Amino acid sequence: MGFARACSVALVGVEGVVVEVQADLEPGVAAFTLVGLPDKSLVESRDRVRAAVVNSGAEWPQKKLTVGLSPASVPKSGSGFDLAVACAVLGAAERIDPAAVADVVMIGELGLDGRVRPVRGVLPAVLAAAEAGYRQVVVPEQTAGEAALVPGVSVLGVRSLRQLIAVLGDEPVPDEPAPGPGRPDAMLAGLMVPGAGLGTGLAPLSADGAAQRLDLADVAGQGRARKALEVAAAGGHHLLLSGPPGAGKTMLAERITAILPPLSRQESLEVTAVHSVAGILPPGEPLISSAPYCAPHHSATMQSLVGGGNGLPRPGAVSLAHRGVLFLDEAPEFSGRALDALRQPLESGHVVVARAAGVVRLPARFLMVLAANPCPCGRHTLAGAGCECPPSAVRRYQARLSGPLLDRVDLRVEVEPVARADLMGGGGRGESSAEVAARVREARKRAAERLAGTPWATNSEVPGHELRTRLVAAPGALMAAERDMERGILTARGLDRVLRVAWTVADLRAADRPDASDIAMALELRTGIQRGVPMQAGAR
């Protein structure tokens, strides 16, 4: 009787569980039994592994073979267990030393010819293995760079099962032919889900740099909206842009990623892990260092926004926009259930999706930007534009954005139509994204220094209790906000959000704490009621 074990990783959402793959050989009729809650694609690994072992020059054991995936209570899915199953079987058959694979984590799919194909979710799988104490990982050659992002782990990238057998047996490693120049690499097909990025509206981050070429200087006029965009980027505040069609709402939202600061190392790993699981990670450049931008179509379902799918839930748009921007254009056209499902991630920074197959917790800390027209035809606020929408239709259209959702939006700006002088260049070219991004970085740096030693990094994350007790504004600065609260204009949550915005405004002008003018600007950006505060860039 022979026995051997290897290790792999089962992904539940973006979190991994190390799975021990055990192979047991006993005398009897040749059979291959796979146990441990495998799904359909994993059950089919019996045929893939057998063909790969034989075509790699090794002998398949003609005995009763049982492969167990432990812990058996965790559902396993995908083809990433093939490599571990093959090595456990070869170890049990004593083709390789069982001790050589006992504590090695192996991730990869096997082709019938023995080639190792890449799979999605390598980064979160290696992160889970490192947290569990494993220090040796074997992955497909195409994803070795992604696995190497995890510190303290020795990564071996292999192209075929023959190469891995040779490495484990201290034998000469055979050469595997690489695709010729100009020929596509068919092995990369497992990394990208067709249409996944297009279905979510995810902007290309590294393929051609399109997201970096958008400049805020291209926006004509819109001084108030540009200031709101700067405040939103500096503090991570949610933003609502309302106004007639053609005023530049989408143009402004598409440029917010250009003024956001680069992601930290930890944030990059979080974003890369989510994109790896979703199958939209650009091949060749595994680490995402800039904030993602996700703009789903208004026909998106609730499952596509917050996560879902058959079996275990997969990341939705809110998770793909983690540490970046979620832009909902034509927000009133989204279904009410889909919009109301955003309330939980807006507050907690994560989304919990419960399905019959299990419960998954997905990261979802994003900056939400909403764009809305004032009425179905969009001409309600334009003088003499001939809006024919009845008042009931206008009220019904505006009520599609529920009060609880709007209460979680910090900044609400009315985007006015562009004046002819601004559009033709008479008003001069506005500030570039680089100039605004420099102020945003300085403001975030000030906030990070103030919040050092706390679990918060930006002003939008600070709880209201801290703002009212420890991080207090200047004496008498809150009089206007208190009056609005007494009149019912502000809720308790709204007051906390006004304080957060005021701290961001103070950081942008390099002040120690917000004063009455900062509170007035925050109130104007929150309620839309004019307070007589100039919306100019930088320090006053």
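As the structure is a computational prediction, the values presented were derived from the model and not from experiment.

Student: A description of helix α10 (residues 223-235) should follow, citing residues and the corresponding values.
Tutor: The terminal C-alpha atoms of α10 lie 19 Å apart, and with 13 residues this matches the ideal 18 Å at 1.5 Å per residue to within 8%. Taken across its 13 residues, α10 has eleven buried, putting it largely inside the fold. When we look at burial in α10, the residues that qualify are Ala 225, Arg 226, Lys 227, Ala 228, Leu 229, Glu 230, Val 231, Ala 232, Ala 233, Ala 234 and Gly 235. Once α10 ends, the next one or two residues include Gly 236, with phi positive near 70°.

Student: Hey, could you go over helix α20 (residues 433-450) for me, with residue numbers and the actual values?
Tutor: Residues spaced three or four apart along an α-helix face the same direction, because each turn holds 3.6 residues. Taking 1.5 Å of rise per residue, the 18 residues of α20 would be expected to cover 26 Å, and the 26 Å separating its terminal C-alpha atoms lies within 8% of that figure. Those residues of α20 hidden inside the fold are in contact with α10 and α23 (492-508).

Student: Go over the packing of aromatic side chains, please, and point to the residues and values.
Tutor: Applying the stated criterion across every chain, the model contains two aromatic pairs. An angle of 40° between the planes, with centres 5.7 Å apart, marks the rings of Phe 32 and Trp 60 as tilted. With Phe 32 in strand β3 (residues 31-35) and Trp 60 in the loop between α2 (45-55) and β4 (64-70), this residue pair connects regions lying 28 residues apart in the sequence. Look at Trp 60 and you get buried, because its relative accessible area is 10%. Plain terms: the ring middles of Tyr 293 and Phe 327 are 6.4 Å apart, the flat faces sit at 25° to each other, and that makes the pair stacked. In this pair, Tyr 293 sits in strand β11 (residues 293-294) while Phe 327 sits in strand β12 (residues 325-328), placing the two residues 34 residues apart along the sequence.

Student: Tell me about unusual backbone geometry, and please be specific about residues and values.
Tutor: Omega for the bond connecting Ser 70 with Pro 71 falls within 30 degrees of zero, at 5°, which places this linkage in the cis form. Within the secondary structure layout, Pro 71 lies in the loop between β4 and α3 (82-92). In this structure, Glu 330 takes a positive phi of about 55° despite not being glycine. Tracing the chain through its elements places Glu 330 in the loop between β12 and α15 (336-340).

Student: Just give me the short version of the pattern of salt bridges, but keep the residues and values in it.
Tutor: Under the criterion given, the structure shown has 30 salt bridges. The partner of Arg 255 in a salt bridge is Glu 254, with the nearest N and O atoms 4.0 Å apart. On the basis of relative accessibility, which here comes to 31%, the residue Glu 254 falls in the partly exposed class. Here Arg 509 ties to Asp 515 by a salt bridge, and the two come within 2.9 Å at their closest N and O atoms.

Student: Let's hear about the sheet that holds strand β16 (residues 411-414): which residues, and what values?
Tutor: What the five strands build is an open sheet, ordered β11-β12-β15-β10-β16; its pairing is parallel. Of all the strands in the sheet, just β11 and β16 have a single pairing partner and so form its edges. The pairing of β12 with strand β15 (residues 367-372) spans four bridges and is parallel. Within β15, the position partnered with Val 325 by the bridge is Leu 367. Strands in contact with α10 are β10 (239-242), β15 and β16; relative to β16, the strand with the most contacts, it is inclined by about 165°.

Student: Which residues make up the side chain of Arg 255, and what values do they have?
Tutor: In this fold, Arg 255 is placed in the loop between α11 (249-254) and α12 (265-278). If we skip the residues at most four places from it in the chain, Arg 255 touches Leu 214, Asp 215, Leu 216, Asp 218 and Val 219.

Student: Can you explain the confidence of the model for the protein chain? Please cite residues and give values.
Tutor: Looking at the protein chain as a whole, its pLDDT mean stands at 87, while 91% of the residues score no less than 70. Confidence, read as mean pLDDT per element, is least for helix α9 (residues 210-213) in the protein chain (50) and greatest for strand β5 (residues 105-106) (97). The low-confidence segment residues 203-212 (pLDDT under 50) makes 14 contacts with residues lying over four places distant or belonging to another chain.

Calculation criteria
- Residues numbered from 1 in each chain as written.
- Predicted model: local features only at pLDDT ≥ 70, side-chain atom pairs only at ≥ 80, totals over all residues.
- Heavy atoms only, no water.
- Helix = DSSP H or I, 4+ residues; strand = E, 2+ residues; numbered from the N terminus.
- Expected span 1.5 Å × (residues − 1).
- Buried < 20%, exposed > 50% of the residue type's maximum accessible area, 1.4 Å probe, protein only.
- Contact = heavy atoms within 4.5 Å.
- Phe/Tyr/Trp six-rings, centres within 6.5 Å; stacked < 30°, edge-to-face > 60°.
- Salt bridge = Lys/Arg side-chain N within 4 Å of Asp/Glu carboxyl O.
- Pairing = 2+ DSSP bridges.
- Axes fitted to C-alpha atoms, helices over the stretch in contact; angles between N-to-C directions.
- pLDDT = per-residue confidence, 0-100.

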